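# Topology and contacts: notes
If you want the building blocks of each chain, they are given just below.
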Amino acid sequence: MIDILRSEWTKIRSVRSTVWTLAATALLMVGISVLLTVAISNSGQNMAGDEATRISLAGVLFAQLSIATFGVLVVSSEYRTGAIRTTFMAVPKRLRLLTGKVVVFTVVTLAVCIASTFAAFLLGGQLILGTTSLSEPGAPAAILGSGLYLTAGGLFGLALGALIRHTPGAVVSAIALMYVLPQLTGLLPGQWGATVDDYFTTNAGMEVAIPGQNGSLGPWSGYGVYLVWIAVTLLVAAVLMRRRDA
Amino acid sequence: MTAIRATSLSKHYGKTVAVADLSFDVEPGQVTGFLGPNGAGKSTTMRMVLGLDRPSTGAVLVDGRPYQELRHPLRKVGALLDAKAVHGGRSARNHLLAIAQSNAIEASRVEEVLELVGLSQVAKRRIGGFSLGMSQRLGIAAALLGDPEILLFDEPVNGLDPDGILWIRTLMRDLAAEGRTVFVSSHLMSEMAQTADHLIVIGRGRLIADTSVQEFIGRSSQGYVRVRSPRLAEVAELVKVGELHPDHLRVTGLDPLEIGTMTARAGLPLEELTFVRPSLEAAYMELTKDSLEFTS
């Protein structure tokens, strides 16, 4: 397994799309935080601590799409170029390969995402607004939760990339599942509609980043539900990857 | 041990049959040519050997085991399928390094193979900008990384200039001379005539011939003995199996010695007694003419 991890690390660090998508994620996190907090502090509003924390981390909504694109590309770029054949020749046990990709991707993404959410909080919340700090209750959890939320989004992208094997198709699916459909489920009528809405992908997962929005789920149960969505997608992708011709 | 053994290998895509009941062995120490018209199923077969495509029925073993069960497959088998199937954004060195690491091949081997294929100078360049010839060399470098006993090349000379073709031919001959197994596909008979010792010929996914290059020519129905004699009609009567032309007799099924002995005993003078060897190209056309997928 260590061989596969080393190989996947070499692959991930040696292409530009990694740098670009990770830089975009960090930029969106920090940039949106700065934009919003500067606007608020210029308007002279006085913002409470937990509200300030939330605003400084609002970039997750957009950053999740760039990190999901990164996830898609880690797999789909190999299919697009045909390099997946070389990869499968080197590692014919495809489930081990997919596991290796997931592990390396998770470690890289987690590090970059938590650093980004931490920077966004420090810059927007603590420095510009000044009404929240790391000692504020709930602040460390929100920073960590936002990083975890983004990382999950990246894994969702990776799973969709492995399932669909086609960059545009997988990116569009990721946007639909993480961004568009979660807003539409809010329109569903009745109690069952509200439940579907609460359990739908990012609606559930967002609780770990910005708690208190979900009627049925708490931060960790919500994140757990989001991870189940991702795990199921990954499982289907793994079964198909084993079966399909390369 | 037999390097590659295919047993009743078949591959269907829906109703289309790409490979049908194909059985063959590929032996070490020689270049085995895998010959067939375009669309005959050569690439599909090679992908099945390498565990990329799953056979519909039958099996193929590499060194006695299915490819998927090899622990570090690249140390046993090296292959060049499509030289352009690489991530263009990576440098040549990083491309090879990632492959080496996956099979626990030390990094110093990357420099060795880069040197071997003559790409050391461009090791840091992005491979997206490589010419076809350079990509082909990079693909061969990747195939040689694990110092494998078994090598597969799918149409390796396609699109190469004469220098590149000569280089690949020499390389394949050298690899076989070192005792390795070299299995190389081509749709060009003339190419195989230059490099191969043994031929596996397929058409429409079926085995047409599995024979040495020598036998392949000899066995072809186009080989014949041309006989000319001032008393040609008498010779024709004596030999019986000939086909009489105005100025010569064309005999198949008897060799020159047999014919010469017969005519000498009968006291018939001969002007010419020549075995006309068919070209490999002619033998190939003869064999595959029924199995062309598309005929122009």
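Presented here is a report on the structure given in the accompanying data block. Values in this document were obtained by computation on a predicted structure and should not be read as measured data.

Glancing now at the overall build of chain A. Helix and strand content of chain A: eleven helices and zero strands. Secondary structure of chain A in N-to-C order comes out as α-α-α-α-α-α-α-α-α-α-α. Over its C-alpha atoms chain A spans a radius of gyration of 19 Å, differing by no more than 12% from the 18 Å that the globule rule assigns to 246 residues. Dimensions of chain A, computed from the C-alpha atoms along their principal axes, are close to 60 × 45 × 30 Å. For chain A, buried positions account for 51% of its 246 residues. Looking at chain A alone, contacts between residues at least 24 apart form 75% of all its contacts between residues at least 6 apart.

Moving on: helix α2 (residues 16–42) of chain A. All names here are of chain A. Spanning 27 residues, α2 covers 38 Å between terminal C-alpha atoms, matching the ideal 39 Å at 1.5 Å per step. For α2, the full list of buried residues reads T21, L22, T25, A26, L28, M29, V30, I32, S33 and T37. Phi turns positive one or two residues past the end of α2, at G44, with a value near 80 degrees.

So, on to the sheet that holds strand β11 (residues 242–244) of chain B. Residues and elements named next belong to chain B. Read across the sheet, four strands follow the order β11-β12-β10-β13 without closing on themselves; strand pairing throughout is antiparallel. Edge positions in the sheet fall to β11 and β13 (272–276), since each has one partner strand and no second. Going from strand to strand, the sheet's axes swing by 25 degrees on average, the running direction of each strand aside. As paired elements, strand β10 (residues 224–228) and β13 share five bridges and run antiparallel to each other. Across the sheet, R228 pairs through a bridge with E272, a residue of β13. Along the sheet face, helix α8 (residues 232–239) touches β10, β11 and β12 (249–251) and points at about 20 degrees away from the line of β12.

Attention now goes to the pairing of β10 of chain B. With three bridges connecting them, β10 of chain B and β12 of chain B associate as antiparallel partners. When the bridges of β12 of chain B are listed, V225 of chain B appears paired with V251 of chain B.

A few words on the sheet that holds strand β9 (residues 206–212) of chain B. All names here are of chain B. Reading across the sheet, the six strands line up as β5-β6-β7-β3-β8-β9 and stay open at both edges, with mixed pairing between neighbours. Of all strands in the sheet, those bounded by a partner on one side alone are β5 (77–80) and β9. Strand-to-strand, the axes of this sheet are offset by a mean angle of 15 degrees, without reference to chain direction. Pairing geometry for strand β8 (residues 198–203) and β9, over six bridges, is antiparallel. The partner of I200 across the bridge, within β9, is D210. Here helix α5 (residues 162–177) sits on the sheet in contact with β3 (31–35), β6 (150–154) and β7 (181–186), set at roughly 150 degrees to β7.

Take the nonpolar core next. Ranked by size, the top nonpolar core spans 147 residues in total, and within it A159 of chain A together with L96, A141 and L145 of chain B carry the most contacts. The element best represented in this core is helix α7 (residues 139–164) of chain A, accounting for 15 residues. Among residues more than four places away in sequence, those in contact with A141 of chain B are L96, V113, L114, L116, V117 and L119 of chain B. With nine residues, the next largest nonpolar core counts Y224, V225, L249 and V251 of chain B among its residues.

As a further point, take the packing of helix α1 (residues 2–13) of chain A against helix α6 (residues 94–129) of chain A. Residue and element names in this part refer to chain A. Contact geometry of α1 with α6 gives a least axis separation of 9 Å together with a crossing angle of 55 degrees. One finds that α1 runs oblique with respect to α6. As for how α1 packs across α6, the hand of that crossing is right-handed. For the pair formed by α1 and α6, the contact residues are I4, L5, E8, W9 and I12 on the first element and R96, L97, G100, K101, V103, V104 and V108 on the second. For the contact of α1 with α6, the per-class residue count stands at eight nonpolar, one polar and three charged.

What follows covers the interface of chain B and chain A. Every contact between the two is made by 28 residues of chain B and, on the other side, 23 residues of chain A. Tallying contributions element by element places helix α2 (residues 92–102) of chain B first for the side of chain B that touches chain A, with six residues. Looking at the side of chain B that touches chain A, its residues break down into 14 nonpolar, ten polar and four charged.

Turning next to helix α1 (residues 42–49) of chain B. Residue and element names in this part refer to chain B. The buried fraction of α1 amounts to seven of the eight residues, a majority that puts the element mostly inside the structure. Buried residues of α1: K42, T44, T45, M46, R47, M48 and V49, and no others. Within two residues after α1, G51 carries a phi angle of roughly 75 degrees, on the positive side.

Here we come to unusual backbone geometry. Leave glycine aside and you will find that most residues have negative phi; peptide bonds, for their part, are mostly trans. Residues and elements named next belong to chain B. With a phi angle near 50 degrees, D63 is a residue other than glycine that sits in the positive phi range. Take D63: it is sitting in the loop between β4 (57–62) and β5. Classification of D63 by C-beta neighbours within 10 Å gives partly exposed; the count is 17. Even without glycine at this site, E155 takes up a positive phi of about 45 degrees. Counting through the fold element by element, E155 comes out in the loop between β6 and α5. Residue classification places E155 among the buried positions, given that 21 C-beta atoms sit within 10 Å.

What counts, and where the lines are drawn
Residues numbered from 1 in each chain as written. Chains lettered and ligands numbered in written order. Predicted model: local features only at pLDDT ≥ 70, side-chain atom pairs only at ≥ 80, totals over all residues. Helix = DSSP H or I, 4+ residues; strand = E, 2+ residues; numbered from the N terminus. Rg over C-alpha atoms; globule rule 2.2 N^0.38 Å. Buried ≥ 20, exposed ≤ 12 C-beta atoms within 10 Å, placed from the backbone. Contact = placed C-beta atoms within 7 Å. Expected span 1.5 Å × (residues − 1). Pairing = 2+ DSSP bridges. Axes fitted to C-alpha atoms, helices over the stretch in contact; angles between N-to-C directions. Core = buried A, V, L, I, M, F, W, Y, C linked by C-beta atoms within 7 Å. Parallel < 35°, antiparallel > 145°, perpendicular 65-115°, else oblique. Left-handed = near helix turned anticlockwise from the far one by under 90°. Nonpolar A, V, L, I, M, F, W, Y, C, P; charged D, E, K, R; others polar.

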